[in-house]
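# Residue-level structural notes
This is what each chain is made of:
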Amino acid sequence: MNTARQMIETWQHVFKLDPDRTIGERELEAVCQSGTNAILVGGSSGLTYDNTAELLERISRYKITCALEVSDLAAVVPGFDLYLIPMVLNTPDPAWIVGQHRAAIERYADFIPWESLIAEGYIVLNEHSTVARVTHAETSLTPEAAAACGHIADKLMSLPVVYLEYSGRFGDLETMAAVREAVGHARLFYGGGIAGAEDAARAAGLADTIIVGNIVYQDLDRALSTVGAVKARSV
Ligand SMILES: CC(C)=CCC/C(C)=C/CC/C(C)=C/CC/C(C)=C/CC/C(C)=C/CC/C(C)=C/CC/C(C)=C/COP(=O)(O)OP(=O)(O)O
Ligand SMILES: O=P(O)(O)OC[C@@H](O)CO
Ligand SMILES: [Mg+2]
């Protein structure tokens, strides 16, 4: 049985599906059978127990690893293969770094499947995203400041994942390269604005794992083309 860390080590490409958005059966089947390494269920608003449980039940019909990215305790559903726990590194508000986490652990310590949890050091950089607004993230970081966040996560906190998050738009290449340079032990996830094969290949050149979200709901064919673009790099 693989540990949580071993599981994420194999991820090159991940689709992120939002329980608060609608996806048809044909589209869900195409996403799950696309050759992606995993489905990450998550979003920064509108998640409920019911819409999360329903999406998990639908994804579970396919043979694909399915992880929940926990953003709201009310929407934690048992049955996922993994639970990814974001900790936002570039916010001045400790609630989004450790505060909510402490409250959750105090309350549910006896029920937490620790071996299935993976902490993610988030660096949130698109000022227009919901996640930036909700977490009061300091999004106007220089490449050096973003890299410092990467060093903190990678070397001081020994987090297994650093997540460079531009949700909604493609990232700044200089910043991505600086964070890449800083992150050695952790797996570097990149997400934001990947709208087709070309973006996917560019992001995969700088990150270990790329996360593709919005385009699934806007243009399925372009979304599916991102899988081949990433896998082609490793042959
Ligand atoms: C089975 C079982 C009992 C499991 C137990 C699991 C459990 C209860 C664990 C508890 C342990 C724990 C430490 C929990 C953490 C609790 C918690 C709520 C922490 C806060 C996490 C956090 C920092 C959230 C902020 C928002 C965020 C970073 C969300 C990540 C997802 C994201 C960025 C989605 C992008 O959203 P999108 O919909 O695309 O929106 P925008 O583009 O507009 O941003
Ligand atoms: O939705 P997009 O912009 O593809 O971003 C993916 C993911 O990083 C969002 O958390
Ligand atoms: Mg988004």
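Residues numbered from 1 in each chain as written. Chains lettered and ligands numbered in written order. Predicted model: local features only at pLDDT ≥ 70, side-chain atom pairs only at ≥ 80, totals over all residues.

### Overview of the confidence of the model for the protein
- Per-residue pLDDT for the protein has a mean of 97; in total, 99% of the residues score no lower than 70.
- Confidence estimates for the predicted assembly give a pTM of 0.97 and an ipTM of 0.95. (pLDDT = per-residue confidence, 0-100.)

### Observations concerning the nonpolar core
- Ranked by internal contacts, the top residues of the largest apolar core, which has 66 residues, are Ile123, Val162, Leu164, Val179 and Ile210.
- The element that contributes the greatest number of residues to this core is helix α10 (residues 220–233), accounting for five residues.
- Excluding residues that lie within four positions of it along the chain, leucine 164 makes contacts with Ile123, Gly171, Met176, Val179, Leu188, Phe189, Tyr190 and Ala207. (Core = buried A, V, L, I, M, F, W, Y, C linked by C-beta atoms within 7 Å. Buried ≥ 20, exposed ≤ 12 C-beta atoms within 10 Å, placed from the backbone. Helix = DSSP H or I, 4+ residues; strand = E, 2+ residues; numbered from the N terminus. Contact = placed C-beta atoms within 7 Å.)

### A closer look at the site of ligand 1
- Looking at ligand 1, there are 34 residues lining it, with Gly43, Ser44, Ser129, Thr130 and Ser167 nearest.
- For the shell around ligand 1, the secondary-structure elements that each account for two or more residues are β4 (82–88), α4 (99–108) and α5 (130–135).
- With five residues, α4 is the single largest residue contributor to the shell around ligand 1.
- Its residues placed into classes, the shell around ligand 1 shows 18 nonpolar, twelve polar and four charged. (Near = placed C-beta within 6 Å. Nonpolar A, V, L, I, M, F, W, Y, C, P; charged D, E, K, R; others polar.)

### Brief notes about the UniProt feature "binding site: sn-glycerol 1-phosphate" (unreviewed entry) in the protein
- Within this structure's numbering, the places UniProt gives as "binding site: sn-glycerol 1-phosphate" (unreviewed entry) are Lys16, Tyr163, Leu164, Glu165, Tyr166, Ser167, Gly168, Gly193, Gly213 and Asn214.
- Turning to its location among the elements, glutamate 165 is positioned in strand β6 (residues 161–165).
- Excluding anything up to four places from it in sequence, glutamate 165 contacts Tyr122, Ile123, Val124, Leu125, Val131, Gly191 and Gly192.
- Turning to its location among the elements, serine 167 is positioned in the loop between β6 and α7 (173–182).
- Here serine 167 falls in the buried class, since 21 other C-beta atoms lie within 10 Å of it.
- Every residue in contact with serine 167, bar those within four places of it in the chain, is listed here: Asn126, Ser129, Val131, Gly191, Gly192 and Gly213. (UniProt positions renumbered as here; feature names shortened; annotations may be inferred.)

### A word on the packing of helix α8 (residues 197–204) against α10
- Packing of α8 against α10 brings their axes to within 8 Å, and their N-to-C directions diverge by 40 degrees. For the pair α8 and α10, the sense of crossing is right-handed. Contact residues: Ala197, Ala200, Ala201 and Ala204 in α8; Ser225, Thr226, Gly228, Ala229, Val230 and Arg233 in α10.
- For the contact of α8 with α10, the residue count by class is six nonpolar, three polar and one charged. (Axes fitted to C-alpha atoms, helices over the stretch in contact; angles between N-to-C directions. Left-handed = near helix turned anticlockwise from the far one by under 90°.)

### Description of the site of ligand 2
- Among the 13 residues in the neighbourhood of ligand 2, the closest are listed as Ser167, Gly191, Ile211, Gly213 and Asn214.
- Of the residues belonging to the shell around ligand 2, the class tally is four nonpolar, seven polar and two charged.

### Here we look at the pairing of strand β5 (residues 117–124)
- Bridge analysis of β4 against β5 gives six bridges, and the strand direction is parallel. Across the sheet, the residue bridging to proline 86 is glutamate 120, located in β5.
- Relative to β6, β5 runs parallel, the two being bridged by five bridges. Opposite glutamate 120, over in β6, you have valine 161 as the bridge partner. (Pairing = 2+ DSSP bridges.)

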